[in-house]
Amino acid sequence: MTELPARVRREELRPSDRDREQVAEALREAAAEGRIDFAELDTRISAAYGAKRYAELDALTRDLPAGAGGDSGASAARAGWGSRWAVAVFGGFARKGAWAVPRSMTALCVWGGGVIDLSEARFTGAETRIRAYAFWGGMKIVVPADAEVYVNGVGLLGLFGRKASGPGVAGAPRIRVRGLAMWGGVTTKRAG
């Protein structure tokens, strides 16, 4: 008779890249809420991307309340969690693939860059509002080809592109993008 291996506890299992990214996002959200400073954010994100076991990831968010990064990114991903914040300070962020888009989100790039790709995303409401701020950095927002899109932002010594603005088809999501680009750029384009 073949003996089955002992069950391994979750803490000892190896996380995926998606698990690491979810924890990094939870940490970015905690920094945006003022729960951790940017120096600690940098240290924790480096540790998240280098984590070899779930126990290492869990330790990075253990002192944060649930919903502000306190839940492990891996379990948050399984629950279909979508962050209301995307922050890049001297770095970058990317929201793409099949992710849950909150009804309202804020994206900030300071000396960094970011991508918000909604082409495969699951929308949690009929209308999504994105506040996009780029200072000495850039952000690209990709919307579904059939979406109703309104872009109203200001470029101050920068660019706030409105190419994707226009009507959509019946039943498609409505997306409103507004914000500010100062010495940087925010571009919005349709997928396809």
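The structure presented is a predicted model; accordingly, all values stated were derived computationally and were not measured. (Residues numbered from 1 in each chain as written. Predicted model: local features only at pLDDT ≥ 70, side-chain atom pairs only at ≥ 80, totals over all residues. Heavy atoms only, no water.)

**Concerning the sheet that holds strand S4 (residues 104–110)**
The strand order across the open sheet built from five strands is S1-S4-S7-S11-S9, with neighbouring strands paired in parallel fashion. On the outer flanks of this sheet lie strand S1 (85–89) and strand S9 (148–156), each paired with one strand and no other. On average, each strand axis in the sheet is tilted by 10° relative to the strand beside it, whichever way the strands run. Where S1 meets S4, five bridges bridge the pair, whose relative direction is parallel. Considered in S4, the bridge of Val 87 is made with Leu 108. (Pairing = 2+ DSSP bridges. Helix = DSSP H or I, 4+ residues; strand = E, 2+ residues; numbered from the N terminus. Axes fitted to C-alpha atoms, helices over the stretch in contact; angles between N-to-C directions.)

**Some points on the nonpolar core**
Counting residues in each nonpolar core, the largest one holds 26 residues, and the members touching the most others are Phe 93, Ile 116, Leu 118, Ile 130, Met 139, Ile 141 and Val 186. The set of elements that each furnish at least two residues to this core consists of S1, S4, strand S7 (127–135), strand S8 (138–143), S9 and strand S11 (174–182). Core analysis: the second largest hydrophobic core is formed by 14 residues, Ala 30, Ala 51, Leu 57 and Leu 64 among them. (Core = buried A, V, L, I, M, F, W, Y, C linked by side-chain atoms within 4.5 Å. Buried < 20%, exposed > 50% of the residue type's maximum accessible area, 1.4 Å probe, protein only.)

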